[in-house]
Amino acid sequence: MITVTNKTSTAQLPKPNNAQYQPTPLSAINTTSIKQDDTFGFTIRQSDKLNNLKALYSMFVNLTPQNVKDMKNKTNKEAAKYCYDLICKSMKIPNEIAPEFIIKTTNKEAPGLCGLYTYMTNELSYFSESAGNTKLGKWWTFGLIRHEMEHFRQNIDILRSKELSEKLFEYYDKTLEDVGAAYKFSKQEIQDEKAEFRNIQKSFQSKILKYYPPIQAGTKEYKHAEKMLNNRMNYTLGTKGISDKLKYFIQPSEFEACRVQGFNWINYLSKRIKSIFI
């Protein structure tokens, strides 16, 4: 559940894929990136942007008892994929900005990590064997994926603001400089990496603004997104004892994500009871 806010990779953001979604063979599911399946016929009208924003901010996933019943006999990997598709559809996230969904066995750097949204590359990773994921129920997986999608939503908000996104890009520049220095890259190589990554982020931002309205400086939305950005740049991992763990849970980005996660655990369990009767 711990979500690290940065990744030192400069891999490109996932490219748009407008083709119809094709089910991934189970034999390939642990190494295949999965994209949400369509763009739901969105246009760039202002009314549509506001409707998209409303869906993005929806607390509860549109889950039915039949969805829960369908998950009953799925493996944890299949259930994670199913939950991702269901949540993306409920939040009405367009295909070209949906996070790339990757299923891995475990995170070598943090073996206890169950899920991770990586802001810099817009990737959502699910670690199928970590922290006893194989023994945890489908309700856990459902809440976990929704938790990570809340971090995606926070990222979208920051990039909807011209002023905040510029601060974010400067922060990424500093991150790339530190990584480049650690790996003894030349100054020119570092500059090239920064320029390339800035272009990738700008391109991603332009796609976001096709579907969601911009955030204006000084508004309530701006102040909220600014809080998420400041948290991003001063993130607490929660790995240094009980006090640090508490700081992890109460920091703004994780407090929001854990709250949404908890509500959707209740959402799932209530639908599970109803699924008994269908």
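Each remark here, short or long, concerns the structure printed above.
Let me begin by describing the structure that accompanies this report. Model, not experiment: these values are computed from the prediction.

**Section: helix H3 (residues 76–90)**
Then comes step 1: When the terminal C-alpha atoms of H3 are compared, their 21 Å separation across 15 residues agrees well with the 21 Å that a helix rising 1.5 Å per residue should span.
Then comes step 2: Of all 15 residues in H3, 11 are buried; the element is thus mostly enclosed.
Then comes step 3: Looking one or two residues past H3, lysine 92 carries a phi angle of roughly 55°, positive in sign.

**Considering the pattern of salt bridges**
Then comes step 1: Going through the model one piece at a time under the given rule, you end up with 13 salt bridges.
Then comes step 2: A salt bridge links arginine 153 to glutamate 150; its shortest N-O distance comes to 2.7 Å. Residue arginine 153 and its partner glutamate 150 are both found in helix H4 (residues 138–159); the two are separated by 3 residues, about one turn of the helix.
Then comes step 3: A relative accessible area of 5% means that glutamate 150 is categorised as buried.

**Some words on a nonpolar patch on the surface**
Then comes step 1: Judged by side-chain polarity, Phe60, Phe263 and Ile266 come together as a nonpolar surface patch covering roughly 290 Å² of accessible area.
Then comes step 2: Within the secondary structure layout, phenylalanine 60 lies in the loop between helix H1 (46–56) and helix H2 (65–71).
Then comes step 3: Its relative accessible area of 42% is what places phenylalanine 60 among the partly exposed residues.

**Quick word on the environment of lysine 223**
Then comes step 1: Along the polypeptide, lysine 223 turns up in helix H7 (residues 220–233).
Then comes step 2: Taking relative accessible area as the criterion, lysine 223 reaches 54% and is therefore assigned exposed.

Criteria and thresholds
Residues numbered from 1 in each chain as written. Predicted model: local features only at pLDDT ≥ 70, side-chain atom pairs only at ≥ 80, totals over all residues. Heavy atoms only, no water. Helix = DSSP H or I, 4+ residues; strand = E, 2+ residues; numbered from the N terminus. Expected span 1.5 Å × (residues − 1). Buried < 20%, exposed > 50% of the residue type's maximum accessible area, 1.4 Å probe, protein only. Salt bridge = Lys/Arg side-chain N within 4 Å of Asp/Glu carboxyl O. Patch = residues over 30% accessible without salt bridge, like charges linked within 9 Å, V, L, I, M, F, W, Y side chains within 5 Å. Areas by Shrake-Rupley, 256 points an atom, 1.4 Å probe, with all protein chains shown as cover.

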